[in-house]
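Below are the chains, spelled out letter by letter.
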Amino acid sequence: MNLIHFLLQNHEQVLELTLEHLWLVGISTVLAVLVGIPLGIMSAHWPVWNKPVLGTANIIQTIPSLALFGFLLPVPWLGDRADRLAILALTLYALLPVIRNTYTGIRGVDPAVVEAGRGMGLTPRQLLFQVELPLALSVILSGVRVAVVVSVGLATIAAAIGAGGLGEFIFRGLAMVNNQLILAGAIPAAVLALLADFGLGWLEKRLRPR
Amino acid sequence: MRQTSDYGPVIEFRDVAYVLPNGQPLLAGLNLQVQRGETLILLGRSGSGKTTSLKLINRLLIPTSGEVRVNGAPNAEGDVIRLRRSIGYVIQDVGLFPHYTVERNIGLVPRIEGWTVERIQQRVEELLQMVGLEANLASRYPHQLSGGQRQRVGVARALAADPAILLMDEPFGALDALTRDQLQREFLSLQQRLGKTVVFVTHDLREALRLGSRIALLEAGRLVTVLSPEDFLRSKDPLAAAYLHAFRDGLDPAANRGAS
């Protein structure tokens, strides 16, 4: 009851932090998709790239998030603004599921379909855009979904370096030993994650090839 | 670009060898000519090099040595995409695009060749009829078709841009016996009308004898002999005789029970 009271009373700030949170997650996801899909395509088409690309993405994933935020802090330009830094860190974390699923999706396309396409004289570009990507789309999207859900959670930590978002409430609550405040950050973050999961899951099902 | 010459073989293998990157030879010393309008069968068991030979024609594979000539010019010259679009290609697994309707699958090459929508539509109708499919199947997806229907669509797709050459890799191999029989019969009547130059891969002697103008027998990456179906039946070649023997035993129930 107290929590609802608090959320209502501070709805402006809740809204502002939620939007900040969405901004961090949204931009970093877009960047991860823009970088990750080409890298996934590269690893699927040229096996030499497979190990270095997926290996690097894997290693990034193992760095503790708080440490990564801290490492990036002294970097010039980036360190100037906390949100830039948070976006970069979130992008790096989101890369692995996007790359891995793009790779898996493209490798999973029926070889007979690819061979028929090549044999009929599709250019590599036509093969990629008309056959491989459309058929891999639902798998790629499920990677994006994982990336978004993980990012929504991770973005709360961005508040530790002053990048804003719903983590503000959580860290303030921790400092003040105020459970209500912690929940005021945690619950909207959880709702965001669930909504993103549900929405992207629905899209993924719609796009799954028969 | 490749010029079409009316004389000489349409396809010619000149001393072609193909070796895998790991050093394993799949094909050696292949010399073979395919004449205009004939159906040349590549007969052999798995690993004999028949599919490899086929893929060397449309440059899905590149020979390690020697050259393959198409319409009198080495197929290594000129644009590989143009080459492939001028050759129809049908494979056992069909390889229809699962996210395209039948209509779009058949119209694929015409579309990327920039035909007008009306012309493509007209061509698709014509082809559906030609391969014995009802016009109302045009809007279906491949997963809604039977195996026989899918393979008919595969043939229609290969014929779409009216290529003079057709490569077929065990196109009827995955079908049940009755459907296969029907499609073979239709292939013969279609071929009589269209007169394409066909290279047809199979391991089935019955199919080879039925459809082929000539049969090229391959074994372990080498061409053993090239014979007409009539000569094949009379051949003294040990491998050809072995094929015939196995084929006739298959027809004799007593042989199968060891009673002969």
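Residues numbered from 1 in each chain as written. Chains lettered and ligands numbered in written order. Predicted model: local features only at pLDDT ≥ 70, side-chain atom pairs only at ≥ 80, totals over all residues.

Q: Honestly, the overall build of chain B in this entry has me stumped. Any pointers?
A: Looking only at helices and strands, one finds 11 helices and 10 strands in chain B. Relative to its length of 260 residues, chain B is compact, with a C-alpha radius of gyration of 19 Å against a globular reference of 18 Å. The principal-axis extents of the C-alpha atoms in chain B amount to approximately 60 × 45 × 35 Å. The buried share of chain B, reckoned over its 260 residues, is 41%. Considering only residue pairs separated by 6 or more positions, chain B has 67% of its internal contacts joining residues 24 or more positions apart. (Helix = DSSP H or I, 4+ residues; strand = E, 2+ residues; numbered from the N terminus. Rg over C-alpha atoms; globule rule 2.2 N^0.38 Å. Buried ≥ 20, exposed ≤ 12 C-beta atoms within 10 Å, placed from the backbone. Contact = placed C-beta atoms within 7 Å.)

Q: What am I meant to see in the nonpolar core here?
A: Nonpolar side chains in soluble globular proteins tend to be buried together. The biggest cluster of nonpolar side chains holds 120 residues, and the ones touching the most others in it are A:Leu90, B:Val199 and B:Ala216. Looking at this core, the element that brings in the most residues is helix 5 (residues 82-107) of chain A, giving 14 residues. The residue makeup of this core includes at least three contributed by each of domain 1 (1-86 + 164-251) and domain 2 (94-163) of chain B. Sequence-distant contacts of B:Val199, defined by excluding residues within four places in its chain, comprise B:Ile11, B:Val34, B:Leu40, B:Leu42, B:Leu54, B:Ile57 and B:Leu167. (Core = buried A, V, L, I, M, F, W, Y, C linked by C-beta atoms within 7 Å. Domains from an automatic or database assignment.)

Q: Looking at this model, I keep getting lost on the packing of helix 2 (residues 11-45) of chain A against helix 7 (residues 124-154) of chain A. Mind explaining?
A: Two measures define how a pair of helices packs: the angle their axes make with one another and the distance between the axes. All names here are of chain A. Contact geometry for helix 2 and helix 7: axes closest at 10 Å, N-to-C directions at 140°. With respect to helix 7, the axis of helix 2 lies oblique. When you trace helix 2 past helix 7, the crossing you get is right-handed. Side by side, helix 2 and helix 7 meet where Val 25, Ser 28, Thr 29, Ala 32, Val 33, Ile 37 and Ile 41 of the first sit next to Leu 128, Ile 140, Val 144, Ala 147, Val 148, Ser 151 and Val 152 of the second. Counted by class, the contact of helix 2 with helix 7 contains 11 nonpolar, 3 polar and no charged residues. (Axes fitted to C-alpha atoms, helices over the stretch in contact; angles between N-to-C directions. Parallel < 35°, antiparallel > 145°, perpendicular 65-115°, else oblique. Left-handed = near helix turned anticlockwise from the far one by under 90°. Nonpolar A, V, L, I, M, F, W, Y, C, P; charged D, E, K, R; others polar.)

Q: What is the right way to look at helix 8 (residues 167-176) of chain A in this model?
A: Structurally, the α-helix is built with 3.6 residues per turn, so residues lying three or four positions apart point the same way. For helix 8 of chain A, the full list of buried residues reads A:Gly167, A:Glu168, A:Phe169 and A:Ile170. Summarising the contacts, the buried residues of helix 8 of chain A are in contact with helix 2 and helix 9 (179-207) of chain A.

Q: Would you mind showing me how to read the interface of chain B and chain A here?
A: Think of interface size as the accessible area that goes away when the parts come together; that is how it is often given. In this assembly, 18 residues from chain B lie in contact with 16 residues from chain A. The set of elements that each furnish at least two residues to the side of chain B that touches chain A consists of helix 2 (80-85), strand 6 (87-91) and helix 4 (108-112) of chain B. In the side of chain B that touches chain A, the residues fall into 11 nonpolar, 4 polar and 3 charged.

Q: Help me out: how do you make sense of the domain arrangement of chain B in this one?
A: Residue and element names in this part refer to chain B. Here the domain parsing of chain B yields domain 1 (1-86 + 164-251) and domain 2 (94-163). A separation of 25 Å is found between the C-alpha centroids of domain 1 and domain 2. Tallying the contact residues gives 13 residues for domain 1 and 12 residues for domain 2. Elements supplying a minimum of two residues to the side of domain 1 that touches domain 2: strand 7 (165-169) and helix 7 (177-194).

Q: Even after reading the chapter, I still don't get the sheet that holds strand 4 (residues 65-70) of chain B, so can you show me in this structure?
A: Pairing between the strands of a sheet comes from backbone hydrogen bonds, and it takes one of two forms, parallel or antiparallel. Residues and elements named next belong to chain B. With antiparallel pairing, 4 strands are arranged side by side in an open sheet as 2-1-4-5. Of all strands in the sheet, those with a lone pairing partner are strand 2 (25-34) and strand 5 (73-74), marking the two edges. Pairing of strand 1 (residues 11-19) with strand 4 involves 5 bridges; the strand directions are antiparallel. By the bridge assignment for strand 4, Ala 17 is matched with Ser 65. (Pairing = 2+ DSSP bridges.)

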